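Examining the three-dimensional arrangement
Chain by chain, the residues:
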Amino acid sequence: MDQKKDKDAQHEMLRTGLRQAVKAFAVLSGVGIYLAVFVGICLFLGSLADTYLLGGGSLGKLTGILIGFPGAFYTLFRQLKHNGIV
């Protein structure tokens, strides 16, 4: 009977560990997608600024990237902190 309890406890620990791994994978996948989309939108807006406001060049794209990365990291940190992950 004691061996059965040990075996059940081991199976439960494995299930809990697998659940945590899947949750971490889902969160980190979402973080990566969010970062790519946020920076992509800022890059696109910078490209539009280059085309219509600045008359060519790459200053708008560079500005979009320089605003996109810190903005994405800041909002990601806030979201993760709000969810209790950080």
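This text follows the structure it describes.
A brief look at the structure comes next. It should be emphasised that the depicted structure is a prediction, and the values quoted were computed from it without experimental measurement.

**Regarding the overall build of the chain**
Of the regular secondary structure elements, the chain holds 2 helices and 0 strands. Taking 12 Å as the expected radius of gyration for a compact globule of 86 residues, we find that the chain reaches 22 Å, considerably beyond that expectation. In terms of overall dimensions, the chain has a C-alpha envelope of 80 × 20 × 10 Å along the principal axes. Counting across all 86 residues of the chain, residues that qualify as buried make up 14%. Of all intrachain contacts in the chain linking residues separated by at least 6 positions in sequence, the fraction that spans at least 24 positions is 54%. As displayed, the chain offers around 6900 Å² of accessible surface, 69% of which is attributable to carbon and sulfur atoms. Of the side-chain charges in the chain, 9 are positive and 5 negative, and the distance between the mean point of each set is 8 Å.

**Some points on the environment of Val-86**
Note on placement: Val-86 falls in the segment after helix H2 (59-82). Using a relative accessible area of 56% as the deciding quantity, one classes Val-86 as exposed. Note: C-alpha distance between Val-86 and Gly-60 (26 residues apart in sequence) is 33 Å. Ignoring any residue separated from it by four or fewer positions in sequence, one finds Val-86 in contact with Phe-77, Leu-80 and Lys-81.

**Some details on H2**
Across its 24 residues, H2 extends 34 Å between first and last C-alpha, which sits within 8% of the 34 Å expected from 1.5 Å per residue. Gly-60, Gly-64, Gly-68, Gly-71, Ala-72, Leu-76 and Leu-80 are the residues of H2 that are buried.

**As for a nonpolar patch on the surface**
A cluster of nonpolar side chains, contributed by Ile-33, Val-37, Ile-41, Phe-44, Leu-45, Leu-48, Tyr-52, Leu-53, Leu-54, Leu-59, Leu-62 and Leu-66, occupies part of the molecular surface with about 1300 Å² of accessible area. Going through the elements one at a time, helix H1 (2-52) and H2 are the ones with two or more residues in the nonpolar patch. Residue contributions to the nonpolar patch peak at 7 residues, all from H1. Looking at where Ile-33 falls in the secondary structure, it is placed in helix H1.

**Things to note about the pattern of salt bridges**
Within this structure, the stated rule accounts for 1 salt bridge. Across the pair Arg-15 and Glu-12 runs a salt bridge whose closest N-O atoms are separated by 3.0 Å. Highlighted residues: Arg-15 and Glu-12, both in helix H1, separated by 3 residues, approximately one helical turn.

**Side note on the packing of aromatic side chains**
In this structure the tally under the stated criterion is 2 aromatic pairs. With a centroid separation of 5.8 Å and 35° between ring planes, the pair formed by Tyr-34 and Phe-38 is classed as tilted. Here the residue Tyr-34 and the residue Phe-38 both occupy positions in helix H1, the gap between them amounting to 4 residues, near one helical turn. Judged by relative accessible area, which is 25%, Phe-38 ranks as partly exposed.

Criteria and thresholds
Residues numbered from 1 in each chain as written. Predicted model: local features only at pLDDT ≥ 70, side-chain atom pairs only at ≥ 80, totals over all residues. Heavy atoms only, no water. Helix = DSSP H or I, 4+ residues; strand = E, 2+ residues; numbered from the N terminus. Rg over C-alpha atoms; globule rule 2.2 N^0.38 Å. Buried < 20%, exposed > 50% of the residue type's maximum accessible area, 1.4 Å probe, protein only. Contact = heavy atoms within 4.5 Å. Areas by Shrake-Rupley, 256 points an atom, 1.4 Å probe, with all protein chains shown as cover. Lys, Arg positive; Asp, Glu negative; His and termini not counted. Charge placed at Lys NZ, Arg CZ, Asp CG, Glu CD. Expected span 1.5 Å × (residues − 1). Patch = residues over 30% accessible without salt bridge, like charges linked within 9 Å, V, L, I, M, F, W, Y side chains within 5 Å. Salt bridge = Lys/Arg side-chain N within 4 Å of Asp/Glu carboxyl O. Phe/Tyr/Trp six-rings, centres within 6.5 Å; stacked < 30°, edge-to-face > 60°.

As far as function goes, none of this settles anything; it's purely spatial.
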